[in-house]
Amino acid sequence: MTRFLRNIALPVATLVLWEVLGRAGYLPDFLSTPSIIVSAFVELVRSGELGGHVWVSMVRAASGFVIGASLGVALGLASGVWTPLRNFFDAPVTLLYPVPKIAFYPIILLWLGLGDMSKIVVVAVSVWFPVFIAAIEATRSVGIHFIWSAQSMGASSGVVFRRVVLPAALPQLFAGLRVGLALAFVALFAAELMGSNAGLGYLVVDGEQNLRFDIMFAGIVTFGTIGFLCDRVLLWVRRRLLRGQLIGTAETAF
Amino acid sequence: MERARRHLARWYSIPLILAVWQVLTMTGVVSPRLVPDLRLVAQIFWEDLMNGELIHHGSYSLMRALAGYGLAVVVGTGLGLVMARSRLTRDFIEPIFLFGYPIPKIALFPVFAFVFGFGTPSKIAFVFLECLYPIVIATYFAFLQVPRVQIWAAQSMGAGQATVLWRVMIPSALPAVFSGLRIALPIAVVVVIITEMIGDTTGLGYYITFAAVSFRYPAVYAGIAAVAIIGFVLDRLFAVLRNRIIHWEGQRLALY
């Protein structure tokens, strides 16, 4: 019990302090107060405005993530087992990894316009990199003895891949997917901030520009919550798929 | 000879991709606005390097990234260590890092821009925030995983708290701490560029956006190339530094 109280102490204290100081007028306008933000949130939900923006952002994030992740997994696994492909991707991936893929956004915007497609592409590209790298590493780190054992028992390379390499690679693959998911939201938000006419990023910018800071915060909180929930869903899928594989490892909520 | 062959196998794809790019441009299959002539990109890169433009913006980005990253390293390793050693601190701040980790913090950037202003401070603060999470979490787990038997062994041989920390715990945790630091380094570069793209008048992120809105698309690629070079060099430097500090770990840092 005391542990739980300590756990929530700092967040609760921050909210209370924010509310009290805000009401007393000690805080600048752009910080609003939690109660005003909640009422803006309720109003946005009632009018259906928030739902619309959430839908737009979710469609973009989900399509981009699925495209980027499946290409990353496919090419990463293939590169993991086939050296020529790995050699081909090695240098460009190393060089482009620390470049924010959003830097290509102006070009993508020029190519695909302001609509959904430009966001989906920038999200997919952002997701692809960490997933691809994790997939290569995952395949490469499969114990060679497992592969030898399977082969000596007469398994074909197809069977070795499906029954040995893939299951052994899954935990690391999920680590990559998780990083990819986080980057998907970063890329999407930045893209919606820079050029968009719908979506949560747009709602935040719009609120900011119209000095409706309560709307801005409502958008920020919604975006954060969605990102958090998507991560939980991914962890849940991972636990289901890896049932039995995580026993004895230092697996916590991370 | 063998070494040269390995390097060739690893790097041949870059000239290959550039060659395909150039062929695409010269045959006019794709619009030169999307895929500009590489000679133009190289020329602009060279010009802006020589007239100091890229250096000016690049040093802003680099300074912000390193300042935020450095702060995050100091605060993050400290917090992670304290969290791993003190029950009370852990209870208070663990949920912030546990639940805060998957929250996309980029959404908070507009607020940061208001609080710290649009210039350098908001960028440094934001880089700090984004780098802090992976560093704290890596340090926290690194110190939790120090084998208890080793600590007991040291204590039974009469080592005091400080000795245990310096001679047992830190050497044991350092490799895992460094993998967290390495994850955070490209994050620092990425975050700086993104925030500069959202709103600023300095930095490579601004250089790229400004080139785009003035329809100088080859300059966009020149800016991207500059970011790639900075990121690559930082990562190499980090790998060298890490292998020097953690010399007892037989395994050297691989490519990724």
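Caption draft 1: Expanded view of the overall build of chain A. Secondary structure assignment for chain A yields 10 helices and 0 strands. Seen through its principal axes, chain A has C-alpha atoms that stretch 75 × 55 × 30 Å. A total of 254 residues make up chain A; the buried ones form 42% of that total. For chain A, contacts bridging at least 24 residues in sequence account for 73% of all contacts bridging at least 6.

Caption draft 2: Looking closely at the overall build of chain B. Across its full length, chain B carries 11 helices and 0 strands. Starting at the N terminus and ending at the C terminus, chain B contains elements arranged as α-α-α-α-α-α-α-α-α-α-α. In terms of overall dimensions, chain B has C-alpha extents of about 75 × 55 × 30 Å along its principal axes. Scored against the burial criterion, the 256 residues of chain B give a buried share of 38%. Within chain B, contacts between residues separated by at least 24 positions form 69% of all contacts whose residues are at least 6 apart in sequence.

Caption draft 3: Molecular detail of the environment of Leu-229 of chain A. All names here are of chain A. Residue position: Leu-229 is located in helix H10 (residues 213–241). Residue class for Leu-229 comes out exposed when judged on the 11 C-beta atoms lying within 10 Å of it. Spatially, the C-alpha atom of Leu-229 lies 21 Å from that of Lys-119, the residues being 110 residues apart in sequence.

Caption draft 4: Fine view of the interface of chain B and chain A. Taken together, the contacts link 45 residues of chain B with 46 residues of chain A. At 8 residues, helix H11 (residues 217–245) of chain B tops the list of elements feeding residues into the side of chain B that touches chain A. Broken down by class, the residue content of the side of chain B that touches chain A amounts to 37 nonpolar, 4 polar and 4 charged.

Caption draft 5: View of the domain arrangement of chain B. Domain assignment breaks chain B into domain 1 (1–35) and domain 2 (40–245). Each of domain 1 of chain B and domain 2 of chain B has a C-alpha centre, and these two points are 31 Å apart.

Caption draft 6: Just the packing of helix H7 (residues 144–152) of chain A against helix H8 (residues 157–194) of chain A, in detail. Residues and elements named next belong to chain A. Orientation of H7 relative to H8, taken along the N-to-C sense of each, is 160°, at an axis distance of 10 Å. Regarding the angle of H7 to H8, the classification is roughly antiparallel. Once H7 is placed against H8, the crossing between them reads as right-handed. Facing Phe-146, Ile-147, Ala-150 and Gln-151 of H7, the residues of H8 in contact are Val-160, Arg-163, Val-164 and Ala-168. For the contact of H7 with H8, the residue count by class is 6 nonpolar, 1 polar and 1 charged.

Caption draft 7: Inspection of unusual backbone geometry at higher detail. In this model, Ser-32 of chain A sits at a positive phi of 50°, which is unusual for a non-glycine residue. Take Ser-32 of chain A: it is sitting in the loop between helix H1 (2–24) and helix H2 (34–46). With 21 C-beta atoms counted inside 10 Å, the residue Ser-32 of chain A sits in the buried group. Its identity as a non-glycine residue notwithstanding, Phe-215 of chain B has a phi of 60°, on the positive side.

Caption draft 8: Broad picture of the packing of helix H5 (residues 105–112) of chain A against helix H6 (residues 116–140) of chain A. All names here are of chain A. Where H5 contacts H6, the axes come no closer than 9 Å and their chain directions differ by 140°. In the packing of H5 onto H6, the handedness of the crossing is right-handed. Here H5 contributes Tyr-105, Ile-108, Leu-109 and Leu-112 to the contact with H6, which in turn contributes Met-117, Ser-118, Val-121 and Val-122. Partitioned by chemical class, the residues of the contact of H5 with H6 number 7 nonpolar, 1 polar and no charged.

Caption draft 9: How the structure looks around the nonpolar core. By size, the foremost hydrophobic cluster in this structure holds 131 residues, and its most contacted members are Ala-190 of chain A together with Ala-188 of chain B. Looking at this core element by element, the count peaks at 19 residues for H8 of chain A. Not counting residues up to four positions away in its chain, the partners in contact with Ala-188 of chain B are Ala-65, Gly-68, Tyr-69, Val-127 and Cys-131 of chain B.

Analysis parameters
- Residues numbered from 1 in each chain as written.
- Chains lettered and ligands numbered in written order.
- Predicted model: local features only at pLDDT ≥ 70, side-chain atom pairs only at ≥ 80, totals over all residues.
- Helix = DSSP H or I, 4+ residues; strand = E, 2+ residues; numbered from the N terminus.
- Buried ≥ 20, exposed ≤ 12 C-beta atoms within 10 Å, placed from the backbone.
- Contact = placed C-beta atoms within 7 Å.
- Nonpolar A, V, L, I, M, F, W, Y, C, P; charged D, E, K, R; others polar.
- Domains from an automatic or database assignment.
- Axes fitted to C-alpha atoms, helices over the stretch in contact; angles between N-to-C directions.
- Parallel < 35°, antiparallel > 145°, perpendicular 65-115°, else oblique.
- Left-handed = near helix turned anticlockwise from the far one by under 90°.
- Core = buried A, V, L, I, M, F, W, Y, C linked by C-beta atoms within 7 Å.

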